[in-house]
Amino acid sequence: MSQPCSRKLQTATREKLRKLNSLRGREVLPGEFWDVVAVTAVDGSQREAYELQIREKVERKELPIEAQYKVFSDPPGCKIGNGGSTLHALQQLNDIYGKALSNMRVILIHAGGFSQRLPSASALGKIFMPLPLGDPIYQMLELKLAMYVDFPSQMKPGILVTCADDIELYSIPEEEKVRFDKPGFTALAHPSPLSVGTTHGVFVLDLREHSLYKEMENASCLCFLHKPSIDKMRDCGAVCGKRSDLFSMSDSEFVYTDSTYYMDFGTAKSLLNLLKELGSLNCEIDAYGDFLQALGPKATIEYTKNTANVTKEESSLVEIRQKIFHLLKGTPLNVILLNNSKFYHIGTTSEYLFHLTEDEAFRGELGLLSSAFSVNVNENLSSCCIMYSVLDPSCSVEAGSVVEYSRLETGVSIGGGSIISSCWVSSGLSVPAGAFMHTLCVTHQEQTRFVTVFFGIKDNLKQIVASPAYLEELQFFGLNLAKCLSHWGMANECLKFSGDASFCSLWNACLFPVCSEQQSSFSMSLRMLQAILSGSTSPPSRDTTLMSMQDCLQCKNLEEMLKLKRGLHHDIKQGKLGI
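Thresholds applied
Residues numbered from 1 in each chain as written. Predicted model: local features only at pLDDT ≥ 70, side-chain atom pairs only at ≥ 80, totals over all residues. Heavy atoms only, no water. 1 Å grid on protein atoms, 1.4 Å probe; cavity = no way out; pocket = protein on both sides within 12 Å on 5 of 7 lines; lining within 4 Å. Points joined across faces, edges and corners; volume = space filled by probe spheres on them. Helix = DSSP H or I, 4+ residues; strand = E, 2+ residues; numbered from the N terminus. Expected span 1.5 Å × (residues − 1). Buried < 20%, exposed > 50% of the residue type's maximum accessible area, 1.4 Å probe, protein only. Arc of directions from axis to C-beta. Contact = heavy atoms within 4.5 Å. Phe/Tyr/Trp six-rings, centres within 6.5 Å; stacked < 30°, edge-to-face > 60°. Lys NZ or Arg CZ within 6 Å of the ring centre and 35° of its normal. Polar contact = N/O pair within 3.5 Å; in protein donor to acceptor, adjacent residues only side chain to side chain. Nonpolar A, V, L, I, M, F, W, Y, C, P; charged D, E, K, R; others polar. Axes fitted to C-alpha atoms, helices over the stretch in contact; angles between N-to-C directions. Parallel < 35°, antiparallel > 145°, perpendicular 65-115°, else oblique. Left-handed = near helix turned anticlockwise from the far one by under 90°. Pairing = 2+ DSSP bridges.

Enquirer: What is the right way to look at the layout of surface pockets in this model?
Expert: If a probe the size of a water molecule is rolled over the atoms, the empty space left behind becomes visible. Here the second largest pocket defines a volume of roughly 470 Å³. In terms of lining, the second largest pocket is formed by 18 residues, of which the most central are Ala 12, Glu 15, Ile 172, Pro 173 and Glu 174. Looking at the lining of the second largest pocket, the element that brings in the most residues is helix H1 (residues 3-23), giving six residues.

Right under this line is the structure:
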């Protein structure tokens, strides 16, 4: 990215942050902010967790007050995808506000799911991931609201749909505005390499309408491609040639990829009618692939039969897609080309570490700090990220590591490229490099207990094997899981899996000891980790209960987790005041 583009992006981003900061903790004027901030949750338990955290944030004046904050959970039963969540959220908004909804500006943030690729966000939600900026410290919710802070005043009544784990940064000329004032759908588009297009949505534009020279342009979309091959992009005319230095990328060829979109109230009402027609959903619908592929004059029904990108294929999916296609066919898809923009995804442990500790461009654009809302952080610590934590000055944290919501006592050392989340680390302990360690509060046998889960940063928690007989195929810190069990004095057949035993993964493997104290929980799990890395043996005692990550979420003690965060908040405030 050229220096002028980078400077514009940084200036525009800092201005958006400044605007949201001016709104935090105060009543907002009509049109100054969203009428409703709606967040989706995967189930009732997650909804309660989100509602409680939002309530606390409002009380601490971390969000604009007097705005409406709503959390909507998916109905019980099968997964319905973010498209199904969109439909159900629209229904619940309509139930609450009725005719008044037709005059409201709503942001709908998809935050449901268990965050298996970033388990530190599983219990409290990825929309509440901390970020090292702001006072009070930002979480993803505030950052999303900051990046869209200019939208409500330039938007006709309708719904802006976005996801909790991505960030779009952009700059536009001072005299221009991003406006959502056209009927149908209006989507933000970002110039991206062709390789990125294969994992995102790609817009095929009417190239006669725009010059490719401006920082921001408005265009019509002929059709939308969902995760297309490079050949498909070329065949459909989606590939553009760079002809301006205003662009935020160096590639000579690029495509415009998707991120966030708006639908006007009339279109939202049509989708509401679709849900009434469908009744209960029994398959996953994609709010991007299944809605946007129906739009534009060159959209065809062929995509409805393509299930290549579907996680779980259900017999009703094609039928529902075809109903969506016929409902939305002919609806305009307007595209706002943000030619000086960047799209960041922070949904995995590797992405989290990279963007917060190594990515100089991202850190510079947002003004991220190495230490935010923490006390006693050694000034010599660099290239790492400490957030919402209390450290003894003697602690060392190596480059590329993130410490969040934690207490580190005297002489603790954290190896490079690790994530330490919600942990209390006792004096003298050393965490190896590349480790993910996260302590959860659970209710076990009607008592508060603690479980510290640990994985390798690159472990795949979503990989599934058909039965315990295939444990060798599951990789845990670079070793097969069966080998790890031998270091803990456990036979393969003794390992239990929670939930559906026909799906065996690191996510539902009962590996982690249940302890009565936060500190002892961390210490015991660390000993188990050190045993597999050193080749020694460290079996848990016979009477120790072992839980899986899945178990921990099902019996999480939310009140206790938030109580521990409040304790940290108090101690950090006192420490900063020198009390």
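Enquirer: I keep staring at helix H9 (residues 317-328) and nothing clicks. Help me out?
Expert: Along an α-helix, a turn takes 3.6 residues, which lines up residues three or four apart on a common side. Across its 12 residues, H9 extends 16 Å between first and last C-alpha, which sits within 8% of the 16 Å expected from 1.5 Å per residue. Where H9 is concerned, the buried positions are Leu 317, Ile 320, Arg 321, Ile 324, Phe 325 and Leu 328. Around the axis of H9, the buried residues are gathered within 145° of arc, so they sit on the same side. The elements touched by buried residues of H9 are strand E8 (185-192), helix H7 (265-278) and helix H8 (289-292). Directly after H9, the chain includes Gly 330, whose backbone phi takes a positive value near 95°.

Enquirer: For this particular structure, what's the right way to read the packing of aromatic side chains?
Expert: Each aromatic ring pair is summarised here by two numbers: the centre-to-centre distance and the angle between the ring planes. Summed over all chains, the structure comprises 21 aromatic pairs. Residues Phe 476 and Phe 477 carry aromatic rings whose centres are separated by 5.4 Å and whose planes lie at 80° to one another, so their mutual orientation is edge-to-face. Across the pair, exposure class does not vary: Phe 476 and Phe 477 are buried alike. Chaining the aromatic ring pairs together yields one cluster made of Phe 436, Phe 454, Phe 455, Phe 476, Phe 477, Trp 488 and Phe 512. The ring centre of Tyr 170 lies 3.9 Å from the NZ or CZ of Lys 16, which sits over that ring.

Enquirer: Help me understand helix H2 (residues 44-59) in this model?
Expert: For H2, spanning 16 residues, the distance from its first C-alpha to its last is 23 Å, which sits close to the expected 22 Å at 1.5 Å a residue. Listed as buried for H2 are Gln 46, Ala 49, Tyr 50, Leu 52, Gln 53, Ile 54, Glu 56 and Lys 57. In this structure Asp 43 caps H2, since a side-chain oxygen of it lies 3.3 Å from the backbone nitrogen of Ser 45. Immediately downstream of H2, the backbone of Lys 61 shows phi near 60°, a positive value.

Enquirer: Sorry, what's going on with empty space enclosed by the protein here?
Expert: Applying the stated criterion to the full structure yields four cavities of 30 Å³ or more. Computed from the structure, the largest cavity encloses a volume of approximately 50 Å³. If you go around the largest cavity, the residues you meet are Lys 57, Arg 60, Glu 62, Ile 137, Gln 139, Tyr 388, Tyr 405 and Lys 565. Partitioned by chemical class, the residues of the lining of the largest cavity number three nonpolar, one polar and four charged.

Enquirer: Mind showing me how you'd approach the packing of H1 against helix H4 (residues 140-147) here?
Expert: Two quantities define a packed helix pair, namely the angle between the helix axes and the distance between the axes. Here H1 crosses H4 at 110°, and the two axes come no closer than 8 Å. Relative to H4, H1 is oriented roughly perpendicular. By crossing handedness, the relation of H1 to H4 is classed as right-handed. Facing Thr 13, Lys 16, Leu 17 and Leu 20 of H1, the residues of H4 in contact are Glu 142, Leu 143, Leu 145, Ala 146 and Met 147. For the contact of H1 with H4, the residue count by class is six nonpolar, one polar and two charged.

Enquirer: Please clarify how unusual backbone geometry should be interpreted in this entry.
Expert: Trans peptide bonds make up the majority, and among non-glycine residues the majority have a negative phi. Residues Asp 135 and Pro 136 are joined by a peptide bond in cis, for which omega reads 5°. Inspection of the secondary structure puts Pro 136 in the loop between strand E4 (130-131) and strand E5 (138-139). We note that Glu 66 has phi near 75°; this positive angle belongs to a residue other than glycine. In this structure, Glu 66 sits in the loop between H2 and strand E2 (68-73). Residue Glu 66 is classed as exposed on the basis of its relative accessible area of 57%. With a phi angle near 45°, Phe 373 is a residue other than glycine that sits in the positive phi range. With respect to the helices and strands, Phe 373 occurs in the loop between strand E15 (371-372) and strand E16 (385-387). Overall, Phe 373 belongs to the buried group, its relative accessible area being 14%.

Enquirer: Would you explain the side chain of Thr 13 in this entry?
Expert: For Thr 13, the position within the fold is in helix H1. A relative accessible area of 0% places Thr 13 in the buried class.

Enquirer: Just to check I follow, could you spell out the pairing of strand E13 (residues 333-338) for this structure?
Expert: Strand residues, when the strand is regular, have side chains that alternate between the two faces of the sheet. Judged by how many residues are buried, E13 sits mostly within the fold: six of six residues are covered. Residues of E13 alternate between two faces, with Leu 333, Val 335 and Leu 337 on one and Asn 334, Ile 336 and Leu 338 on the opposite face, all of them buried. Summarising the sheet, E8 and E13 pair through five bridges and their orientation is parallel. Counterpart to Ala 187 in the pairing with E13 is Val 335.

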